[in-house]
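Reading the structure
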Amino acid sequence: MTAAPLRLRLDSAALVANWRLLDAMSGAAVCGAAVKADGYGLGAKGVTARLREAGCRDFFVSTWAEARSLADLDAAVSVLHGVRAEDMRGERPGNARPVLSTAAQVLRWRETGAPCDVMVDTGMNRLGVSVAEVADGLLDGLNIETLMSHLACADEDVSMNAAQRDAFAGLAGRTSAKRLSLANSAGVALGVDYAFDLTRPGISLYGGVQVPALAAIRQVVTPEAQILQRRRVRAGETIGYNATFTAPADMEVAVINLGYADGYLRAMERLGTARADGQTLPLLGRISMDLIAIGVDAAPGLAEGDWIAMDYALPEIAARAGRSQYEMLTGLGDRFDRIWR
Ligand SMILES: *Cc1c(COP(=O)(O)O)cnc(C)c1O
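In short, a report on the structure. Just so you know, the residues in each chain are numbered from 1, in the order the chain's sequence is written. Predicted model: local features are reported for residues with pLDDT of at least 70 only, side-chain atom pairs are reported and counted for 80 or more only, and whole-chain, interface and lining totals are derived from all residues. Only hydrogens and water are removed before side-chain values are computed, so all heavy atoms of the structure are retained for them.

Topic: the layout of surface pockets
Going by this rule: Here a cavity denotes grid points, spaced 1 Å and computed from the protein atoms alone, that fit a 1.4 Å probe unable to get out, and a pocket denotes an open set having protein on both sides within 12 Å along at least 5 of 7 lines; residues with an atom within 4 Å of a point are the lining. Grid points are joined across faces, edges and corners, and a volume is the space filled by probe spheres set on the points. In this text, helices come from DSSP runs of H or I with a minimum length of four residues, and strands from runs of E with a minimum of two, each type numbered from the N-terminal end.
One number sums up the size of the largest pocket: a volume of about 550 Å³. In terms of lining residues, the largest pocket is bounded by 29 residues, among which Lys36, Met124, Arg126, His150 and Asn184 are the most central. If you list the elements that add at least two residues to the lining of the largest pocket, you get helix H2 (36-40), strand E7 (116-121) and helix H9 (185-189). If one sorts the elements of the lining of the largest pocket by residue count, E7 sits on top with 3 residues.

Quick look at the structure:
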C-alpha cells in the first residue's frame, strides 16, 4: 500500500506509560480503557493491542459496530450504549457485553441470562437507570459483571463529585454486580475513594491533561504532513484564500498536505505552530480544506517530500483553539496513516 502524504505519529511507550500511571493512581482498583470513537481517533485496534499487552483487560466502546471491530481482542469489551432490539438480532462478539441503562434494555437482556454491565445515573442525567429503580429491584435476576456510574464534573472541584460518589457507594451489595466502577480520567485524579473496583480512563491515556494531578501524562499523538511544494514569496505578496497574510519580507514557504478536513481545525489559524529540523515554524494565512502554508525560513534544508510535524500537545492546543481536548483528537480523520513507534 502506498504511504499517505499525512500520518499520525503515535507513541506506544507514552500510551503504555499513561495507562500505567492511571493504573497506579487507581490504587487497588483495576484500570480499564475507554476506546470508543476508534480509540479517540488513534485507531482502537492499535490502542487495544498495546494496552492488552501492558495488562489492561477491560475496554469500553459506544456501539456494537465498535465491539465487532474488536472481536479478536482477548479481553472484555463493554458496549456503553446498551442493547437495542436491533442489536439483539445482530452479531454480538463473545468478548462483548452491553452496559444496560434502561428498564427496556434490562427486560430485553435478562432472558439471555448472559453477563452484562449496568449504568446507574447518579445525577448527570445522561445514560443510566435511576438509583430508585435499583433500590426497587429492577436489576434483580440479572447477571451483572460491573455496576457503573459516570461523574458529570470530575475535572472540577465541586461538591457534586462527592455527592455522586456517595450515591453510587450506597448501591454496594444491592445487586449481583461483581465490581463497581465510577471514575473516568479526571475521576482517577480525584483519589482512590473514587476508584471502587475498576476505573475507566480515556482522554488521559491519549495525552489529555485536565487537572494538575495528571501533569505527568505524556503526549501520544503528533500529526505530520509531507511538503507538496516549496516556494519563495516576495515581500508584499499574499498567501492563501482571501489574501489574509501579506509577506512582510521575502519568505520561504512550504505547502503541506493537511487541512481542516483532516481535523486540523481552522480555529488554529495564527495560533498553530509546526516543527521541523528542531525549529518552530509559523502557519501562514488561511488553513484550507487540505492544505496549509508554513513559513520555513528557519529550516533552509526542507524540501518537497519532506515531513513537517504539527505541535499537538493537547492541553495547550485545545486552550489555543478554544475547543476541548476530546474534540482535538476525535476529529482527526481517516486520511492519516496511523504509525505506531
Ligand atoms: C468516555 C467515557 C469514559 C472515559 O472518559 P474520559 O473523560 O475520556 O477519561 C468513561 N466512562 C464512560 C461511561 C464514558 O462514556
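Right, picking up where we left off after that structure.
A few points about helix H1 (residues 12-25)
Every α-helix winds through 3.6 residues per turn, so residues three or four apart in the chain are directed the same way. To keep it simple, the criterion reads: Every helix has an expected span of 1.5 Å times one less than the residues it contains. The rule is simple: take the accessible area with a 1.4 Å probe, protein chains only, and divide by the maximum for that residue type; under 20% is buried, over 50% is exposed, in between is partly exposed. Working rule for contacts: check all heavy atoms of both residues, and any pair within 4.5 Å makes them a contact. Definition of a polar contact: a pair of N or O atoms within 3.5 Å, with one able to donate and the other able to accept a hydrogen when the atoms are protein atoms, and with sequence-neighbouring residues admitted only if both atoms are side-chain atoms.
Taking 1.5 Å of rise per residue, 14 residues should cover 20 Å, and H1 covers 20 Å from first to last C-alpha, within 8% of that figure. Looking at H1, one finds that the buried residues are Ser12, Ala14, Leu15, Val16, Asn18, Trp19 and Leu22. Structurally, H1 contributes buried residues whose contacts are with strand E1 (6-10), strand E2 (30-31), helix H3 (44-54), H9 and strand E20 (337-340). With a side-chain oxygen lying 3.1 Å from the backbone nitrogen of Ala13, the N-terminal cap of H1 falls on Asp11. Downstream of H1 by one or two residues, Gly27 has phi in the positive range, about 60°.

Quick word on helix H6 (residues 103-110)
In plain terms, the rule: Here the arc refers to the directions that run from the helix axis out to each C-beta atom.
All of the buried residues along H6 are Gln105, Val106 and Trp109. Buried residues in H6, looked at end-on, bunch into an arc of 100°, giving them a common side. The inward-facing, buried residues of H6 contact helix H5 (85-89), strand E6 (96-100) and E7.

Some details on the packing of aromatic side chains
For any pair of aromatic rings, the description rests on two quantities: the centre-to-centre distance and the angle between the ring planes. Basically, it comes down to this: Pairing of aromatic side chains here covers Phe, Tyr and the six-membered ring of Trp, requires ring centres within 6.5 Å, and sorts the geometry by plane angle: under 30 degrees stacked, over 60 edge-to-face, intermediate tilted. A ring has a charge above it when a Lys NZ or an Arg CZ is no more than 6 Å from the ring centre and no more than 35 degrees off the ring normal.
Applying the stated criterion across every chain, the model contains 4 aromatic pairs. Summarising the aromatic geometry, the rings of Tyr40 and Tyr326 are spaced 6.3 Å apart at their centres and angled 40° between planes, so their arrangement reads as tilted. Taken as a pair, Tyr40 in helix H2 and Tyr326 in helix H11 (residues 325-330) lie far apart in primary sequence, 286 residues in all. For Tyr40, a relative accessible area of 6% gives the class buried. Residue Tyr326 is classed as partly exposed on the basis of its relative accessible area of 29%. Cluster of aromatic residues (ring-pair linked, three or more members): Tyr40, Tyr206 and Tyr326. The lysine or arginine in question, Arg7, covers the ring of Trp307, its NZ or CZ lying 3.6 Å from the ring centre.

Interpretation in functional terms is not warranted from these geometric data alone.
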